[in-house]
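# Commentary on secondary and tertiary structure
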Amino acid sequence: MTVQEEINKLKTEKNAIILAHNYEPPEIQDIADFIGDSLELALRATDVTEDIIVFCGVLFMAETAKILNPEKKVILPAPDAGCLLADQLSPEMIKSAREDNPGAEVVLYVNSTAESKAYADIVCTSANAVDVVKSLKSETVLFGPDSNLASYVQEQLPDKKIVPLPKGGNCPVHVEFTPEDAISAKKKGYTVICHPECPAEVRAHCDIIASTGSMMRNTHLSERWAVMTEKDMAYRLKTEYPDKEFLSFEKAVCKDMKKISLNDVLSSLNSESPEINLPADLMDKAESSIRRMIDLSR
Ligand code: 13P
Ligand code: SF4
């Protein structure tokens, strides 16, 4: 039996589902039952009927799935798959920013730890950040941890005052893109689509700014795309749209998204570990800010 066949057999025997993010390596995307962006994965996690969720992504995503399914076993096959952006914000930073900005509401990007989410008013993803902020009563909004997504939301909602939390928080993968990447792709005839985590001066040269899920939905608009986000997004797009061309950027690698191998998935299904476990009171607190986002996004 191949590893893939063994995974499929165990998955059926154990009544498990494999969820994977769009940035996972091709071989993981190929064995997943559902692939999506952070919002799609969170929404999918709310109606899982299987007993076990094998989450192929990074820690904050698996934590979100666990918070939405406290009674289920959620497994992250590579327990050290973190997010260098999520780690830039702590609950202490949120508490002190709240003291400095009384009355301001706190919006946390889903790329944050469960501990931080417990101190948020509402969570957002890159797909719904603008709608989430627009829905708030307060004019001043504390937004973290990605300051580029914060500046993107500010551009879309000039009537709000978006305060980045912390100042300068960013995704090390997306800050590698330069205006020149977009300019030279355009000269070669590509339509350029970029993630809102790219810096403002890069976004200014792109044709479309989109979450990874929204990149999928925009594909009909062109035949040739330069995809300015993590490099394996191009594999995801090519699988769904084989007749179109997708230029990827080899420098854009999220090392944490590459930590799960097929053998890790197989051994985690065998041992039903490593399991995500969070204290019940932390899950309760984080859940309300995640549910508020989900209610808004349905
Ligand atoms: P998406 O929600 O757009 O998939 O983004 C997740 C992410 O980690 C971006 O770096
Ligand atoms: Fe985190 Fe950036 Fe990797 Fe996304 S690409 S998981 S934001 S480090």
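Residues numbered from 1 in each chain as written. Chains lettered and ligands numbered in written order. Predicted model: local features only at pLDDT ≥ 70, side-chain atom pairs only at ≥ 80, totals over all residues. Heavy atoms only, no water.

Once that is clear, we can look at the environment of leucine 108. Looking at the element boundaries, leucine 108 is found in strand S5 (residues 105-109). Each residue touching leucine 108, except ones within four places of it in the same chain, is listed here: Leu89, Ile94, Ser116, Lys117, Ala120, Ile122, Val123, Cys124 and Gly144. (Helix = DSSP H or I, 4+ residues; strand = E, 2+ residues; numbered from the N terminus. Contact = heavy atoms within 4.5 Å.)

This part is about the site of ligand 1. All residues in the neighbourhood of ligand 1 are listed as His21, Tyr23, Asp37, Ser38, Asn111, Ser126, His174, His195, Glu197, Ser211 and Thr212. Separating an oxygen atom of ligand 1 from a side-chain N or O atom of histidine 195 is a distance of 2.8 Å. Within the side chain of threonine 212, an N or O atom sits 2.6 Å from an oxygen atom of ligand 1. For ligand 1, whose unbound accessible area comes to 310 Å², protein coverage reaches 96%. Residue composition of the shell around ligand 1, by class: one nonpolar, eight polar and two charged. When residues of the shell around ligand 1 are sorted by domain, at least three fall in each of domain 1 (3-82 + 257-277) and domain 3 (174-253). (Near = heavy atom within 4 Å. Polar contact = N/O pair within 3.5 Å; in protein donor to acceptor, adjacent residues only side chain to side chain. Areas by Shrake-Rupley, 256 points an atom, 1.4 Å probe, with all protein chains shown as cover. Nonpolar A, V, L, I, M, F, W, Y, C, P; charged D, E, K, R; others polar. Domains from an automatic or database assignment.)

Each aromatic ring pair is specified by the distance between its two centres and by the angle formed by the two planes. Considering all chains together, one arrives at one aromatic pair under this definition. A cation over a ring is seen here: arginine 44 above phenylalanine 34, with NZ or CZ 5.9 Å from the ring centre. Positioned above the aromatic ring of tyrosine 190 is the side chain of arginine 224, whose terminal nitrogen or guanidinium carbon lies 4.2 Å from the ring centre. (Phe/Tyr/Trp six-rings, centres within 6.5 Å; stacked < 30°, edge-to-face > 60°. Lys NZ or Arg CZ within 6 Å of the ring centre and 35° of its normal.)

The next subject is the domain arrangement of the protein chain. Entries for the protein chain in the domain assignment read domain 1 (3-82 + 257-277), domain 2 (86-171) and domain 3 (174-253). The gap between the C-alpha centroids of domain 1 and domain 3 is 26 Å. Taken residue by residue, the interface counts twelve residues in domain 1 and 14 residues in domain 3. Of the roughly 1000 Å² buried at the junction of domain 1 and domain 3 (both faces included), carbon and sulfur atoms supply 48%. If you sort the residues of domain 1 by the area they bury against domain 3, Asn22, Tyr23 and Lys258 come out on top, with a joint share of 50%. On inspection of domain 1 and its partner domain 3, the count reaches three salt bridges. Aspartate 232 is the salt-bridge partner of lysine 258, the closest N and O atoms lying 2.6 Å from each other. Counting across the domain 1 and domain 3 interface gives eleven residue pairs in polar contact (both at pLDDT 80 or more). Residue contributions to the side of domain 1 that touches domain 3 peak at three residues, all from helix H2 (residues 26-31). When its residues are assigned to classes, the side of domain 1 that touches domain 3 shows four nonpolar, three polar and five charged. (Buried area = accessible area lost by both parts, 1.4 Å probe. Salt bridge = Lys/Arg side-chain N within 4 Å of Asp/Glu carboxyl O.)

Around ligand 2, a shell composed of Tyr23, Cys83, Leu84, Leu85, Asn111, Cys171, Val173, Glu197, Cys254 and Met257 is seen. Counted by class, the shell around ligand 2 contains eight nonpolar, one polar and one charged residues.

Here the focus is the packing of helix H4 (residues 59-68) against helix H14 (residues 280-297). Where H4 meets H14, the closest approach of the two axes is 9 Å, and the angle between their N-to-C directions is 95°. In terms of orientation, H4 lies roughly perpendicular with respect to H14. Within the contact between the two elements, H4 uses Thr64, Lys66, Ile67 and Leu68 and H14 uses Met283, Ala286, Glu287, Ile290, Arg291 and Ile294. Of the residues contributing to the contact of H4 with H14, the split by class is six nonpolar, one polar and three charged. (Axes fitted to C-alpha atoms, helices over the stretch in contact; angles between N-to-C directions. Parallel < 35°, antiparallel > 145°, perpendicular 65-115°, else oblique.)

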